[in-house]
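If you want the building blocks of each chain, they are given just below.
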Amino acid sequence: MALTDEQQSEITALRASPHKTVRPTVPAMEEILFEPFPLLDHGFIRVVDYMGGDSAVVQAARVSYGKGTRKTSEDAGLIRYLMRHRHSTPFEMCEIKFHVKLPLFVARQWIRHRMASVNEYSARYSVLDKEFYLPEAAHIAAQSTVNHQGRGESLSAETAQQVLAILQRDALQCYGDYEEMLDPEGMGVARELARINLTLNTYTQWYWKIDLHNLMHFLALRADSHAQYEIRVYAQKMIEILKAWVPHTAQAFEEYRLGAYSFSAGMLKVLRRRLAGEVVTQESSGLTKREWTEMQAVLEG
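Residues numbered from 1 in each chain as written. Predicted model: local features only at pLDDT ≥ 70, side-chain atom pairs only at ≥ 80, totals over all residues. Heavy atoms only, no water.

K.L.:
Can you tell me about the overall build of the protein chain, naming the residues and giving the values?
P.N.:
A count of helices and strands for the protein chain gives 13 helices and seven strands. Here the C-alpha coordinates of the protein chain stretch approximately 80 × 60 × 30 Å along the principal axes. Burial status across the protein chain gives 38% buried among its 301 residues. Surface summary for the protein chain: the accessible area is close to 17800 Å², and the carbon and sulfur share equals 53%. On the protein chain, the mean spot of the 34 positive side-chain charges and the mean spot of the 37 negative ones are 10 Å from each other. (Helix = DSSP H or I, 4+ residues; strand = E, 2+ residues; numbered from the N terminus. Buried < 20%, exposed > 50% of the residue type's maximum accessible area, 1.4 Å probe, protein only. Areas by Shrake-Rupley, 256 points an atom, 1.4 Å probe, with all protein chains shown as cover. Lys, Arg positive; Asp, Glu negative; His and termini not counted. Charge placed at Lys NZ, Arg CZ, Asp CG, Glu CD.)

K.L.:
Before we move on, can you summarise the side chain of histidine 113 with the specific residues and values?
P.N.:
Looking at the element boundaries, histidine 113 is found in the loop between helix H5 (104–110) and strand E4 (117–120). Each residue touching histidine 113, except ones within four places of it in the same chain, is listed here: Phe218, Leu221 and Arg222. (Contact = heavy atoms within 4.5 Å.)

K.L.:
Give me the UniProt feature "binding site: FAD" (unreviewed entry) in the protein chain: which residues, what numbers.
P.N.:
Per the UniProt record, "binding site: FAD" (unreviewed entry) is found at Thr89, Arg112, His113, Arg114, Glu120, Asp211, Leu212, His213 and His217. Taken along the chain, the residues just named run across 129 residues; in space they spread out, the farthest C-alpha pair reaching 27.7 Å. In this fold, glutamate 120 is placed in strand E4. In this structure glutamate 120 comes out as partly exposed when scored by relative accessible area, which is 29%. Not counting the four nearest positions on each side in its chain, glutamate 120 is found in contact with Leu104, Arg108, Thr204, Gln205 and Trp206. At a separation of 3.3 Å, a polar atom in the side chain of glutamate 120 contacts the side chain of arginine 108. Summarising the element assignment, histidine 213 is placed in helix H8 (residues 212–222). For histidine 213, a relative accessible area of 23% translates into the label partly exposed. (UniProt positions renumbered as here; feature names shortened; annotations may be inferred. Polar contact = N/O pair within 3.5 Å; in protein donor to acceptor, adjacent residues only side chain to side chain.)

K.L.:
Lay out H8 with the relevant residues and their values.
P.N.:
Along H8, the residues classified as buried are Leu212, Asn214, Leu215, Met216, Phe218, Leu219 and Arg222. N-cap assignment for H8: the residue whose side-chain oxygen lies 3.0 Å from the backbone N of histidine 213 is aspartate 211.

K.L.:
Tell me about the UniProt feature "binding site: dUMP" (unreviewed entry) in the protein chain, residues and numbers included.
P.N.:
Per the UniProt record, "binding site: dUMP" (unreviewed entry) is found at Gln109, Trp110, Ile111, Arg112, Glu120, Tyr121, Ser122, Ala123, Arg124, Arg195 and Arg222. Spatial dispersion of the annotated residues is evident: they stretch over 114 residues in sequence, and the largest pairwise C-alpha distance comes to 29.2 Å. Summarising the element assignment, tyrosine 121 is placed in the loop between E4 and strand E5 (141–143). You can call tyrosine 121 partly exposed: its relative accessible area is 34%. Every residue in contact with tyrosine 121, bar those within four places of it in the chain, is listed here: Ser126, Val127, Leu128, Thr204 and Gln205. Within the structure, the side chain of tyrosine 121 is placed 2.9 Å from the backbone oxygen of valine 127, a separation counted as a polar contact. Here serine 122 shows up in the loop between E4 and E5.

K.L.:
Any chance you could break down the sheet that holds strand E2 (residues 43–51) for me, citing the residues and the numbers?
P.N.:
The strand order across the open sheet formed by five strands is E1-E2-E3-E7-E4, and the pairing between neighbours is antiparallel. In this open sheet, the two strands that pair with only one neighbour each are strand E1 (37–39) and E4. Put simply, the sheet's adjacent strands are angled 20° from each other on average, direction ignored. Relative to strand E3 (residues 95–103), E2 runs antiparallel, the two being bridged by seven bridges. Residue arginine 46 lies in a different strand from E3, and its bridge partner there is histidine 99. (Pairing = 2+ DSSP bridges. Axes fitted to C-alpha atoms, helices over the stretch in contact; angles between N-to-C directions.)

K.L.:
Mind laying out the pattern of salt bridges, listing which residues take part and the relevant values?
P.N.:
Going through the model one piece at a time under the given rule, you end up with twelve salt bridges. Residue glutamate 192 is joined to arginine 124 by a salt bridge in which the shortest nitrogen-to-oxygen separation is 2.6 Å. Taken together, the residues span a long stretch of sequence, with glutamate 192 in helix H7 (residues 191–194) and arginine 124 in the loop between E4 and E5 at a distance of 68 residues. The class for glutamate 192 is partly exposed, based on a relative accessible area of 34%. With a shortest N-O distance of 3.2 Å, lysine 243 and glutamate 254 are connected by a salt bridge. Here the residue lysine 243 occupies a position in helix H9 (residues 229–245), and glutamate 254 occupies one in helix H10 (residues 247–258), the gap between them amounting to eleven residues. The class for lysine 243 is partly exposed, based on a relative accessible area of 41%. Residue glutamate 254 is classed as partly exposed on the basis of its relative accessible area of 33%. (Salt bridge = Lys/Arg side-chain N within 4 Å of Asp/Glu carboxyl O.)

Written out as structure tokens, the structure reads:
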């Protein structure tokens, strides 16, 4: 992980000068606030601000439901009810802001989640650092024959080293050309044009602010085993942060979202027929082969 001297100085200064506040805070989040967590080879993620916690979710829910009960012991149960029945509005009352350093190709996947505020490092204004993501050899794999957008079996150690050599060679060559184009004593190309020569494994940075409901939607997709490994690494670290920030919500999220599966109406009919003692095959189920395979995978664990 590479923090600039300016970023490290900022973190040190912020950690050394805590601010008093009358608003509710979460002690576990105060402990990790501003601190970077290293990810991949040069990336990181850190929390730079947050608003609310489990108590804010409960407060919002009780406003919407009227007075009701107010016992602290029932907060976890209420949060589980909200999660189970997908009452999302109370979770939107909490927000979190991350500072993330990540490869460009991961950023392009990440930005597909549009329910957030993003401000990215500008390569029109500044020069990108000479840092590139190179995967570990164990993560260099062939195209999957099942998942058309994923990886299959790992390649041999020899082939993996050849791939790494190509990735490093091209990244260095492109960055060298980038520097040559930018040189004011040479070509003097505008930064907004010179940047188009950079490879997708170049690192960028951004601030990303999102509410709790949409964060969990992001995590449900990007922490899934079918997600690309590189973005999954960030999602898994964010789940750890989620547990520190909103432990009751995180527990309900793992129970009803990450560890759960939604059956279609057709699948439920098949399950009811099976429970009634009927032998059901794919051909007699009314399900497509893909639906049948997905259902069997869940049931057989």
